[in-house]
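Single-letter residue listing:
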Amino acid sequence: MKYFRMEEFKCKCCGQVDFPENIKALVENVLDPAREKLGKPIVVNSGYRCPKHNIAVGGVVNSQHMKGEAADLCCADNKRLAEIIEKNGKYDQMIKYLRPDGSIRFIHVSWKRNGGNRKQRLVSK
Ligand SMILES: [Zn+2]
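Cut-offs and rules
- Residues numbered from 1 in each chain as written.
- Predicted model: local features only at pLDDT ≥ 70, side-chain atom pairs only at ≥ 80, totals over all residues.
- Heavy atoms only, no water.
- Helix = DSSP H or I, 4+ residues; strand = E, 2+ residues; numbered from the N terminus.
- Buried < 20%, exposed > 50% of the residue type's maximum accessible area, 1.4 Å probe, protein only.
- Donors = N, O, S within 2.8 Å, 3.2 Å for Na, K, Ca; no water.
- Tetrahedral: all angles 85-135°; square planar, octahedral: opposite > 155°, others 65-115°.

Student: How should I be thinking about unusual backbone geometry in this particular structure?
Tutor: Only a minority of non-glycine residues have a phi that is not negative, and only a minority of peptide bonds are not trans. Of note in the backbone geometry, Phe-19 takes a positive phi value of approximately 55° without being a glycine. Positioned with a positive phi, Lys-119 is a non-glycine residue whose angle comes to about 50°. Structurally, Lys-119 can be placed in the loop between strand E4 (104-110) and strand E5 (120-124). Residue Lys-119 is classed as partly exposed on the basis of its relative accessible area, which comes to 47%.

Student: Just checking my understanding: could you explain the environment of Pro-20 for this structure?
Tutor: If you trace the backbone, Pro-20 turns up in helix H1 (residues 20-38). Through-space distance from the C-alpha of Pro-20 to that of Lys-67 is 9.1 Å; in sequence the pair is 47 residues apart.

Student: Looking at this structure, I do not really get the coordination of the zinc ion. What am I missing?
Tutor: In an ideal tetrahedron of four donors about a metal, each angle is 109.5 degrees. In an ideal octahedron of six donors, the angles are 90 or 180 degrees. Protein coordination at the zinc ion: the donors are Cys-11 (SG), Cys-13 (SG), Cys-14 (SG) and Cys-50 (SG), at 2.3 to 2.4 Å from the metal. Note that the zinc ion binds four donor atoms; their angles at the metal cover 100 to 118°, and the shape is tetrahedral. Coordination of the zinc ion draws on donor residues from a single chain, spaced C-x1-C-C-x35-C in sequence. Here Cys-11, found in the segment before H1, pairs with Cys-50, found in the loop between strand E1 (43-46) and helix H2 (51-56); they are 39 residues apart in sequence, far enough to count as distant. A single burial state applies to Cys-11 and to Cys-50, both of which are buried.

Structure (structure tokens):
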């Protein structure tokens, strides 16, 4: 946890942070290396979500946000951030959420601490 604090990952509705060990693994394997290479701040829009909050924001039923395995990120150059994550090659799932003009609104990225990372890339419009 070099560039991020656990506090940045707490649930937006209740302030809870479950599965901190999973969040730590996500940061150390995916977020910190990406932040290092990017050289600019990264904002965590959504980190851990309690089940109630996940429903409130329309998250999928098995959302990795509820396990502390996922974060939604944005920064001044989302395209570059996506390229860096991709190139680093350590992620379970990366979803680029696009604006109507095709630019990246935010990036969802996940990491499974216990292995079986799928390296799956998706685009959501
Ligand atoms: Zn909550």
